[in-house]
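Listed below, chain by chain, are the residues.
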Amino acid sequence: MIRRALDWWSEHPQLADALLAAAACTFLLVEVPYSEHTIATPGLLPVTFWGDLLAYASIALRRRYPVQVLALVWTLWLAGRRWDIWAEWNASWSELSTPTALMLALYTAGRWTSSGRPLVFLAGTLLPTLVTVARAWAGPWFTGGPVLPEPPADLYVVSFVTCAAAWGLGRLRRSEAEAVARAAARAEESKAQAALAEQRIRIARELHDIVAHNVSAMVIQSSSAGVALLNGDQAGASAAVEAIGHVGRTALAELRLLLGVLREGPAAPQPGIGAIREMTEWLPLDVRLRVEGSPREVPPEVGQAAYRIVQEALTNTLKHAEKDATAEVVLRYAADALHLQVTDDGSGGGERERSGTTGYGLLGIHERATALGGTAHGAPLPEGGFRVEVRLPYG
């Protein structure tokens, strides 16, 4: 209950101050402290009562105008000649008066403003001390003058210390709040830097998948076209050149999509599971695609990850396997996740496993899977070839 009240107070400072001022003024009007009279006879009330009422009414604006409220309350306190703040507050603290309002105003000034002007009013609480000392030195010069309150034994020093403590507490709270704000800003900056680093990694991974896969396919197709021309195989050369054109156009389209995301955000859908079949048909590789289970709609990020993972696995096959190698892609829709399996019967399985520790192919597959809470594993097969197995949860 208390915690909720404090939270509400922090969230509605202006309203809270207005309620505080209203409660204090209501108490003054109902009780009329230190007086036998009531508000029904306002002409008989002491002037200090109206000063107290004005001081507490100004509390409603204490956070909006902390220095101005402090100046008003300090002036009312000085004019009221109730200068022994400690004795006044200690003896009759329940009777709201300008000394109590002065401490609240000093605390507010320390808490809610970085200006040095409140220090002038804090030093001004020593003015009664100077007046008292001057009166003691002047002696007869004050005879017949205004009646000043009898000075306390401590010459109002304890009053000054009390006011300094109120202002210092406000400064301490301000320093704590600023430290918390700086820590929050640093945490937010660190979070932004981490997000930026993650974005750079994602973009680098996308570029690697697009460029490495398509360029590898174009290089192999160009070699096939060269061999076909040397052997006089016009049909084979024509098919290879057509495949090069298709792969090149696909690479340009995917690069445009990526650049569009960087410039304006995701405006067009990224390739997903539906694009896997078309990709396998244009590869210079015999690829069989098999779907197990009942196909279902998957989240876009899962579909894009599946496409890129299959693309990267087949790119590794193009790079490391023999030209007559075959590959099989299995998409299995399980109850809780999409399972991918890419297997080839080419050579170089051990080489691919070693390159996975320094290259970006298998590393990128692992990063994509773990980013979605899945798993990835790639290893050479005993009988030759290589297999990549990935599990992608639906979300």
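About the cut-offs
Within any chain, residue numbers begin from 1 and follow the written order of that chain's sequence. Owing to the predicted nature of the model, reporting of local features is limited to residues with pLDDT of at least 70; listing and counting of side-chain atom pairs is limited to 80 or more, with chain, interface and lining totals taken over all residues. Just so you know, side-chain values use all the structure's heavy atoms and leave hydrogens and water out. Using a 1.4 Å probe on the protein chains alone, a residue whose accessible area is under 20% of its type maximum counts as buried, one over 50% counts as exposed, and one in between counts as partly exposed. By the criteria applied, helices consist of DSSP H or I runs no shorter than four residues and strands consist of E runs no shorter than two, each listed in order from the N terminus. Each pair of strands is called paired provided DSSP finds at least two bridges between the two strands. Grid points spaced at 1 Å over the protein atoms alone were grouped into cavities, where a 1.4 Å probe fits but cannot get out, and pockets, open sets with protein on both sides within 12 Å along at least five of seven lines, with lining residues defined by an atom within 4 Å of a point. Grid points are joined across faces, edges and corners, and a volume is the space filled by probe spheres set on the points. Charged residues are taken to be Asp, Glu, Lys and Arg, nonpolar residues to be Ala, Val, Leu, Ile, Met, Phe, Trp, Tyr, Cys and Pro, and polar residues to be all remaining types, Gly included. What counts as a salt bridge is simple: a side-chain nitrogen of Lys or Arg found within 4 Å of a carboxyl oxygen of Asp or Glu.

Let's talk about the pairing of strand E2 (residues 326-333)
Along a regular strand, successive side chains alternate from one face of the sheet to the other. Taken across its 8 residues, E2 has 6 buried, putting it largely inside the fold. Bridge count between strand E1 (residues 286-292) and E2: 7 bridges; the pairing is parallel. Residue pairing for E2: Arg 290 is matched across the bridge by Val 330. Of the pairings in the sheet, the one linking E2 to strand E3 (residues 337-344) comprises 7 bridges and is antiparallel in character. In the sheet register, Ala 327 faces E3, and the bridge partner there is Asp 344. Between E2 and the antiparallel strand that follows it, E3, lie 3 residues.

Here's the deal with the layout of surface pockets
Space inside the largest pocket adds up to approximately 440 Å³. In terms of lining residues, the largest pocket is bounded by 17 residues, among which Arg 202, Arg 205, Glu 301, Gln 304 and Arg 368 are the most central. For the lining of the largest pocket, the secondary structure elements donating two or more residues are helix H9 (157-230), helix H12 (300-320) and helix H14 (361-371). Residue contributions to the lining of the largest pocket peak at 6 residues, all from H9. Broken down by class, the residue content of the lining of the largest pocket amounts to 5 nonpolar, 5 polar and 7 charged. Considering only enclosed or pocket space, the second largest pocket measures out at about 320 Å³ in volume. Lining of the second largest pocket is provided by Arg 3, Leu 6, Asp 7, Trp 9, Ser 10, Arg 62, Arg 63, Tyr 107, Arg 111, Trp 112 and Arg 173. Taken together, the elements giving at least two residues each to the lining of the second largest pocket come down to helix H1 (2-11) and helix H6 (98-112). Sorting elements by how many residues they give to the lining of the second largest pocket places H1 first, with 5 residues.

A closer look at the pattern of salt bridges
If you walk through the whole model with that rule in mind, you get 8 salt bridges. The residue Asp 17 makes a salt bridge to Arg 62 at a minimum N-O spacing of 3.0 Å. Taken together, the residues span a long stretch of sequence, with Asp 17 in helix H2 (residues 13-31) and Arg 62 in the loop between helix H3 (47-57) and helix H4 (66-80) at a distance of 45 residues. Since its relative accessible area comes to 6%, Arg 62 is described here as buried. A salt bridge links Arg 391 to Asp 336, with the nearest nitrogen and oxygen atoms 3.0 Å apart. Taken together, the residues Arg 391 in strand E5 (residues 386-393) and Asp 336 in the loop between E2 and E3 connect sequence positions 55 residues apart.

Structural measurements only, silent on function.
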